[in-house]
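Survey of secondary and tertiary structure
Each chain, letter by letter, is given below.
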Amino acid sequence: MKNIIQPGHPLIKTLVTRLRNLETDSYTFRKTLSELARLLLYEALKDEKTEEINIKLWSGSGNFPYIKGERYVFIPVLRAGLPMLDGVLEAVPEASAGFLAIKRDEKTLKSTVYYDRVPPLKGKTAFILDPMVATGGSLDHAISVVKGKKPDRIFTLNVIGAPDGVRRVCENHPDITMVIAQVDEKLDNNGYILPGLGDAGDRAFNT
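Residues numbered from 1 in each chain as written. Predicted model: local features only at pLDDT ≥ 70, side-chain atom pairs only at ≥ 80, totals over all residues. Heavy atoms only, no water.

Observations concerning the overall build of the protein
To be explicit about the condition: Under the DSSP-based scheme used, a helix requires at least four consecutive residues in state H or I and a strand at least two consecutive residues in state E, with every element numbered from the N terminus. Computation of the radius of gyration draws on C-alpha atoms alone. For the globule rule, the value is 2.2 Å times the number of residues to the power 0.38. Categorising residues by exposure relies on relative accessible area from a 1.4 Å probe, with only protein chains included: less than 20% of the type maximum marks a residue as buried, more than 50% marks it as exposed, and the intermediate range marks it as partly exposed. Here, two residues are considered to be in contact whenever any of their heavy atoms come within 4.5 Å of each other. Working convention for charge: Lys and Arg count positive, Asp and Glu count negative, and His plus the chain ends are omitted. Throughout, a charge is located at the NZ atom of Lys, the CZ atom of Arg, the CG atom of Asp or the CD atom of Glu.
Across its full length, the protein carries 6 helices and 13 strands. For the protein, whose C-alpha radius of gyration is 17 Å, the value lies close to the compact-globule estimate of 17 Å for 207 residues. The principal-axis extents of the C-alpha atoms in the protein amount to approximately 65 × 40 × 30 Å. Across the 207 residues of the protein, 46% fall into the buried class. Of all intrachain contacts in the protein linking residues separated by at least 6 positions in sequence, the fraction that spans at least 24 positions is 65%. Within the protein, one finds 28 positive and 26 negative side-chain charges whose respective centroids are separated by 3 Å.

Details of the packing of helix H4 (residues 137-147) against helix H5 (residues 163-172)
Here is the rule we go by: Interaxial angles span 0 to 180 degrees and are taken between N-to-C directions of axes, which are lines fitted to C-alpha atoms, for helices over the stretch in contact. Should an angle fall under 35 degrees it is called roughly parallel, over 145 degrees roughly antiparallel, and 65 to 115 degrees roughly perpendicular, with every other angle called oblique. A clockwise turn of the near helix away from the far one marks a right-handed crossing, whereas an anticlockwise turn of less than a right angle marks a left-handed crossing.
Running from amino to carboxyl end, H4 crosses H5 at an angle of 20°, the nearest separation of the two axes being 9 Å. Between H4 and H5, the angle is such that the two are roughly parallel. The two elements H4 and H5 meet at a crossing, and its hand is right-handed. Contacts between H4 and H5 involve Gly137, Leu139, Asp140, Ile143 and Lys147 from the former and Arg168, Val169 and Asn172 from the latter.

Here we look at the pattern of salt bridges
For clarity, the threshold we go by: Salt bridge, as used here: a side-chain nitrogen of Lys or Arg that lies within 4 Å of a carboxyl oxygen of Asp or Glu.
A full pass over the atoms with the stated rule returns 12 salt bridges. With a closest N to O distance of 3.7 Å, Arg71 and Glu48 form a salt bridge. Taken together, the positions of Arg71 in the loop between strand E3 (60-66) and strand E4 (72-78) and Glu48 in the loop between helix H2 (26-44) and strand E2 (51-57) put the pair 23 residues apart, joining distant regions of the chain. Using a relative accessible area of 16% as the deciding quantity, one classes Glu48 as buried. The shortest N-O distance in the salt bridge between Asp199 and Arg79 comes to 3.6 Å. Linking Asp199 in the loop between strand E13 (193-194) and helix H6 (200-205) with Arg79 in the loop between E4 and helix H3 (82-91), this pair joins segments that are 120 residues apart in sequence.

Notes on the side chain of Asp130
Positionally, Asp130 belongs in the loop between strand E8 (125-129) and strand E9 (132-133). Owing to a relative accessible area of 8%, Asp130 belongs among the buried residues under this scheme. Dropping the residues within four chain positions of it, Asp130 is found in contact with Val77, Met84, Leu139, Leu157, Asn158 and Val159.

Notes on a nonpolar patch on the surface
Quick note on the threshold: Residues form patches when they are more than 30% accessible in relative terms and have no salt bridge. Like charges link within 9 Å. Nonpolar side chains (Val, Leu, Ile, Met, Phe, Trp, Tyr) link within 5 Å. Each accessible area value is a Shrake-Rupley result obtained with a 1.4 Å probe; residue values ignore everything except the protein chains displayed when judging cover.
A contiguous nonpolar patch, built from Ile55, Leu57, Trp58 and Phe64 and spanning about 450 Å² of accessible area, is present on the exposed surface. Structurally, Ile55 is set in strand E2.

Overview of the confidence of the model for the protein
Regions with low pLDDT should not have their predicted coordinates read in detail. Applied cut-off: Note on scores: pLDDT gives the predictor's confidence for each residue, bounded by 0 and 100.
Across the protein, the average pLDDT comes to 93, with 97% of residues at or above 70. Least confident of the elements in the protein is strand E7 (residues 111-117), whose mean pLDDT is 85; most confident is E8, at 98.

Some points on the nonpolar core
Short version of the rule: Take the buried Ala, Val, Leu, Ile, Met, Phe, Trp, Tyr and Cys residues and link them wherever side-chain atoms come within 4.5 Å; each set so joined is a nonpolar core.
Of all hydrophobic cores here, the largest spans 36 residues; its most connected members are Leu41, Phe74, Val88, Phe127, Leu129, Leu157 and Val159. Among the secondary structure elements, those contributing two or more residues to this core are helix H1 (10-20), H2, E4, H3, E8, strand E10 (153-161), strand E11 (177-183) and H6. Contact partners of Leu129, with chain neighbours within four places excluded, come to Phe74, Ile75, Pro76, Val77, Gly81, Met84, Leu85, Val88 and Leu157. Val73, Ile75, Val118 and Ala142 belong to the second-largest nonpolar core, a separate cluster that totals 22 residues.

Regarding the pairing of E11
Let me state the cut-off plainly: Here, strands pair whenever DSSP counts at least two bridges between them. Crossovers are described as right-handed under a simple rule: with the strands pointing away from the observer, the path leading from the first strand over the helix to the second runs clockwise.
Pairing of strand E1 (residues 4-5) with E11, which is carried by 2 bridges, proceeds in the parallel orientation. The partner of Ile4 across the bridge, within E11, is Met178. Sheet topology places E10 next to E11; 6 bridges connect them, and they run parallel. Along E11, the bridge assignment pairs Phe155 with Thr177. Between the parallel pair E10 and E11, the chain is carried across by H5, and the sense of this crossover is right-handed.

Following this line, the structure appears as structure tokens:
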């Protein structure tokens, strides 16, 4: 699959291991998700074009390279994607944010959108923030919703996925780029990732 980026950085692997550890408290879990999102964003934008802007210096003024953050929209999938938003907005504070809430039926594993507050995306680059890609149904649905708003490009930033879910998303949406920290072994009979890290939303918010 050509549209997937999986960084092999040791720090990213270390942070994922911290998330897996059941002794990691909810505050540290959220902060780790935030930091991972920022590192995944760095990877997504490593070939991004910059433009010259003129800034004031202690010695006068000058032109220097700059990423135009106004063209980015970060879209966390609630709840679990919400801690990731802090990390990416700290890196690109000029960007805007939208929000999607998607519920997965635990029996059928089908996904439905019940909250959509995504701003207009025409001329923008959209980043969908969703830590877990299990069956891929929720992320697949989120991408379809975002595509309907006509952005120029779509990236997804994900922490852990199962092979089948990652394959489903990448094959159904070959025009997007998935940046994911780790692809795990498989899904269990209930559609949970193994070895995984548990329910990211529950662990992030102590529920």
